Amino acid sequence: MSKDLSVTVAGVRFPNPVIAASGTYGFGQDYTDLYPLNKLGGISCKGTTLEPRNGNPAPRIAETPAGMLNSVGLQNPGIDMFITGYLPQLKKDGNVIIANIAGATLDDYKQAVERLDSTDVDMIELNISCPNVKQGGASWGVTCDGAAAVTKTVRAVTKKPLMVKLTPNVTNIVDIAKAVEAEGADCLSLINTLLGMRIDIRTRRPILKNNVGGFSGPAVFPVALRMVWQVANAVDIDVVGMGGITTAADAIEMMMAGAKAIQMGTAIFTDPYSPLKVIDGLEKYMEENDLNSLEEIVGTVQPW
Amino acid sequence: MAFFCDEFPIVERSEIASGIFSYVIHCPSVALAAKAGQFVHIRAEGYTLRRPISICEINREKGTIRIVFEVRGNGTDKLSQLEAGKKMDMIAPLGNGFTIKEIPSDKTVIVIGGGIGVPPMLGTAAEYTDNKVKAVLGFRNKDRVILEEDFKRVGAETAVCTDDGSYGEKGLVTFPLIEELERGKTAMIYACGPTPMLKAVINTARVYNIPCEVSLEQRMACGVGACVGCACNIRKGGRDFVLRVCKDGPVFKAEEVVL
Ligand SMILES: Cc1cc2nc3c(=O)[nH]c(=O)nc-3n(C[C@H](O)[C@H](O)[C@H](O)COP(=O)(O)OP(=O)(O)OC[C@H]3O[C@@H](n4cnc5c(N)ncnc54)[C@H](O)[C@@H]3O)c2cc1C
Ligand SMILES: Cc1cc2nc3c(=O)[nH]c(=O)nc-3n(C[C@H](O)[C@H](O)[C@H](O)COP(=O)(O)O)c2cc1C
Ligand code: FES
């Protein structure tokens, strides 16, 4: 007997709560030799900007205990290529298609999202972790004002369900979450990567050519879980949790902390089948616990 | 270019030089699809990222591939502990291999390998019949020399160089390369090895105006083209591109590579 694993996030129905995280699954074409894209509840596409970008110099990848660093730096083909070159195929192959949008200026965000508004993309995820050029390169998402400004600008030009992706590199993520909610975000996703570094002790050089990079993978899971729990308790909109999820048990923890759906990134590099294993594990959990919907467990952690 | 991700049985394991291991893996589907110059992406238990290792030889009849790798850090150390009979978790075959060409009967090709860049050149040499391929292999010293007999077995006329002269010719692979090019019989050059060696080979190929392909290395996450982690700079038709070593490479035309 197969269970209905669907969840609804900001009014959008996902056939199952497992979404490929932005930047780890490209535009959905790279793993189709292994299994079809429609096995996943959805895909958040690689962070896309108004104009094409070449990203940072290599090396862009470093390993860490139970995790990794990346300094890819938003290499992407630009919003027009996304819309004409990738979106039609994504819509054919996949379930919920989420565009992940980044920008250096408010106008970049505005124009990119305007172009998406008339497409059949299902959802827009705003990556506010990228540098704000006007503010000396600090990320939009590290201040309430910056995060609110991006959300407000984008909200004004789209009716698409809007998910704002929070950076964990802040003193109080709850304040940022509330600021974004107040400007009309339909849901939140978190966490983006934590800023990290590794040094090659033989050369005394950082392994990443960019010196520092985003930290992800199983090592960050407890931090992500804590932040999702804090944010989910503080806002009324839906929350999508990510950061180090590797197993169905991790996904269940994340949902109990308050996430309605989850994203997986780094785990896919270790095992490309891991999202499918999580989906199977969730179904088994539903059967064992006699659940009719996974939403029954969302936010059910009972804190001491 | 289909690839697979599975656990495949290890048929044979041996240490062919100190800290350098050879594995034969039974994976008929992979062997059938594989081309010389492609690589496999191996999961090392307990590590987040897989390790990219070149395909060294392909045996389609037996349904096996061979890989040869050096223990560099923790991940390759872990992999080297896998015994015959155990399984290797691989995504394979990945990337684009070397272009194998029909060449005139009076011409030859040259394969050049440096250090741990030697293994993929063996499978490439094996694509050409006897007397059609010259191999030039460079190593740090006598203790690091690997696969020389294997190159001879596949019919390659083989020259070995070491940096310190403890075995074969002393010096860089470019000396035997130039000697061979001077004979005017070379149709194509293939190379894999450390960046300084690749630069020298690329320059030499340009001077002699011989088509050349090189295999690049970069740190990888996905290995399949999804994460854009393995960037390399490529110049085509006067325009610069940032491409992926794993999917657009690892083999590139020498004249397009910006090192
Ligand atoms: C396409 C390709 C083919 C290769 N073929 C071979 C081969 O046939 N034989 C062989 O011995 N080696 C080969 N290498 C190099 C091999 O991948 C590295 O030596 C290995 O990944 C090092 O892992 P480690 O756990 O020993 O080192 P660690 O330093 O513990 O590794 C840490 C991280 O850095 C990465 N890394 C470190 N050095 C390299 C490197 N030189 N290239 C890419 N990633 C690196 C690792 O994959 C891992 O993600 C190849 C590399 C590439 C990109
Ligand atoms: C290689 C790589 C590239 C990424 N690129 C993006 C991106 O373009 N936009 C974005 O919002 N997040 C990006 N991320 C962050 C992930 O989407 C995710 O938030 C983070 O990796 C935590 O989840 P994980 O531990 O499951 O990987 C990237 C992560 C990795 C590892
Ligand atoms: S390693 Fe992910 S694109 Fe090459």
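Every value quoted in this text rests on a predicted model; they were computed, and no experiment measured them.

## Overview of the overall build of chain A
Part 1 of the argument: Scanning chain A for helices and strands turns up eight helices and 16 strands.
Part 2 of the argument: Computed over C-alpha atoms, the radius of gyration of chain A comes to 18 Å, within 12% of the 19 Å expected from 2.2 N^0.38 for 304 residues, which places it in the range of a compact globule.
Part 3 of the argument: Principal-axis analysis of the C-alpha atoms gives chain A an extent of 55 × 50 × 45 Å.
Part 4 of the argument: Buried positions account for 58% of the 304 residues belonging to chain A.

## Remarks on the site of ligand 2
Residue and element names in this part refer to chain A.
Part 1 of the argument: Taken together, 22 residues lie around ligand 2, and Ser22, Lys165, Gly217, Gly244 and Thr266 are the ones closest in.
Part 2 of the argument: Gly217 is positioned with one of its backbone polar atoms (N or O) 2.9 Å from an oxygen atom of ligand 2.
Part 3 of the argument: The backbone of Gly244 places a nitrogen or oxygen atom 2.6 Å from an oxygen atom of ligand 2.
Part 4 of the argument: In isolation ligand 2 has 610 Å² of accessible area, and contact with the protein removes 97% of it.
Part 5 of the argument: Its residues placed into classes, the shell around ligand 2 shows five nonpolar, 15 polar and two charged.

## Considering the site of ligand 1
All names here are of chain B.
Part 1 of the argument: Near ligand 1, the surroundings consist of 20 residues, among which Pro52, Gly73, Thr76, Ile116 and Arg219 are the closest.
Part 2 of the argument: Ser54 is positioned such that a nitrogen or oxygen atom in its backbone is 3.0 Å from a nitrogen atom of ligand 1.
Part 3 of the argument: Within the backbone of Gly73, an N or O atom sits 2.5 Å from an oxygen atom of ligand 1.
Part 4 of the argument: Protein burial of ligand 1: of its 830 Å² of free accessible surface, 88% is covered by the chains.
Part 5 of the argument: No other element matches strand E4 (residues 51–54), which puts four residues into the shell around ligand 1.

## A look at the confidence of the model for chain B
Part 1 of the argument: Of all residues in chain B, 100% attain a pLDDT of 70 or more, and the chain-wide mean is 96.
Part 2 of the argument: The ipTM value of the predicted complex is 0.95, and its pTM value is 0.97.

## Some details on the packing of helix H2 (residues 106–117) of chain A against helix H3 (residues 144–155) of chain A
Helix packing for two helices is described by the angle between their axes and how far apart those axes are.
Residues and elements named next belong to chain A.
Part 1 of the argument: Contact pair H2 / H3: the axes reach a minimum separation of 9 Å and the direction vectors enclose 30 degrees. Here H2 runs over H3; the crossing is right-handed. Across the interface between the two elements, Leu106, Tyr109, Lys110 and Val113 from H2 touch Ala149, Val150, Thr153 and Val154 from H3.
Part 2 of the argument: Partitioning the contact of H2 with H3 into residue classes produces six nonpolar, one polar and one charged.

## Quick notes on the sheet that holds strand E10 (residues 157–162) of chain B
Residues and elements named next belong to chain B.
Part 1 of the argument: Sheet architecture is open: seven strands sit in the order E11-E10-E9-E8-E12-E13-E16, paired in mixed fashion. Here the strands that pair on one side only, and so sit at the sheet edges, are strand E11 (169–170) and strand E16 (251–253).
Part 2 of the argument: Looking at chain direction, strand E13 (residues 212–215) and E16 are connected through three bridges and run antiparallel. Among the inter-strand pairings, Val214 is bridged to a residue of E16, identified as Phe252.

## A look at helix H8 (residues 274–288) of chain A
Residue and element names in this part refer to chain A.
Part 1 of the argument: Taking 1.5 Å per residue as the helical rise, H8 with its 15 residues ought to reach 21 Å, and the 21 Å between its terminal C-alpha atoms agrees with that figure.
Part 2 of the argument: Turning to H8, its buried residues number three or more, namely Ser274, Pro275, Leu276, Val278, Ile279, Leu282, Glu283, Tyr285 and Met286.
Part 3 of the argument: On its buried face, H8 sits against strand E3 (18–20), helix H6 (248–256), strand E16 (261–264) and helix H7 (266–270).

## Section: the domain arrangement of chain B
All names here are of chain B.
Part 1 of the argument: Taken as a whole, chain B is organised into domain 1 (4–94) and domain 2 (108–215).
Part 2 of the argument: Relative placement of domain 1 and domain 2: their C-alpha centres are 23 Å apart.
Part 3 of the argument: Listed per partner, the contact involves 16 residues of domain 1 and 14 residues of domain 2.
Part 4 of the argument: Note on domain 1 versus domain 2: buried area summed over both sides is about 1200 Å², and carbon and sulfur give 56% of it.
Part 5 of the argument: A per-residue breakdown of the area domain 1 buries against domain 2 is headed by Ala36, Cys56 and Glu57, which together make up 33% of the total.
Part 6 of the argument: Our count for the contact surface shared by domain 1 and domain 2 stands at three salt bridges.

## Points about the interface of chain A and chain B
Part 1 of the argument: Counting residues at the interface gives 29 residues for chain A and 27 residues for chain B.
Part 2 of the argument: Here chain A meets chain B over a buried area of about 2300 Å², counting both sides, of which 57% is carbon and sulfur.
Part 3 of the argument: On the surface where chain A and chain B come into contact, there are two salt bridges.
Part 4 of the argument: Note that Arg51 of chain B is salt-bridged to Glu63 of chain A, the shortest N-O span being 2.6 Å.
Part 5 of the argument: For the side of chain A that touches chain B, the secondary structure elements donating two or more residues are strand E5 (61–64), strand E6 (67–70) and H7 of chain A.

## Thoughts on the packing of aromatic side chains
Residue and element names in this part refer to chain A.
Part 1 of the argument: On inspection of all chains with the given rule, the structure shows nine aromatic pairs over all chains.
Part 2 of the argument: Taking the centre distance of 4.9 Å and the plane angle of 25 degrees together, the rings of Tyr25 and Tyr31 count as stacked. Like Tyr31, Tyr25 is buried.
Part 3 of the argument: Judged by centre distance (4.4 Å) and plane angle (15 degrees), the rings of Phe27 and Tyr86 are stacked. Highlighted residues: Phe27 in the loop between E3 and strand E4 (42–44) and Tyr86 in helix H1 (residues 79–93), separated in sequence by 59 residues.
Part 4 of the argument: Put simply, the rings of Phe27, Phe82 and Tyr86 touch in pairs and so form one group of aromatic residues.

About the cut-offs
- Residues numbered from 1 in each chain as written.
- Chains lettered and ligands numbered in written order.
- Predicted model: local features only at pLDDT ≥ 70, side-chain atom pairs only at ≥ 80, totals over all residues.
- Heavy atoms only, no water.
- Helix = DSSP H or I, 4+ residues; strand = E, 2+ residues; numbered from the N terminus.
- Rg over C-alpha atoms; globule rule 2.2 N^0.38 Å.
- Buried < 20%, exposed > 50% of the residue type's maximum accessible area, 1.4 Å probe, protein only.
- Near = heavy atom within 4 Å.
- Polar contact = N/O pair within 3.5 Å; in protein donor to acceptor, adjacent residues only side chain to side chain.
- Areas by Shrake-Rupley, 256 points an atom, 1.4 Å probe, with all protein chains shown as cover.
- Nonpolar A, V, L, I, M, F, W, Y, C, P; charged D, E, K, R; others polar.
- pLDDT = per-residue confidence, 0-100.
- Axes fitted to C-alpha atoms, helices over the stretch in contact; angles between N-to-C directions.
- Left-handed = near helix turned anticlockwise from the far one by under 90°.
- Contact = heavy atoms within 4.5 Å.
- Pairing = 2+ DSSP bridges.
- Expected span 1.5 Å × (residues − 1).
- Domains from an automatic or database assignment.
- Buried area = accessible area lost by both parts, 1.4 Å probe.
- Salt bridge = Lys/Arg side-chain N within 4 Å of Asp/Glu carboxyl O.
- Phe/Tyr/Trp six-rings, centres within 6.5 Å; stacked < 30°, edge-to-face > 60°.

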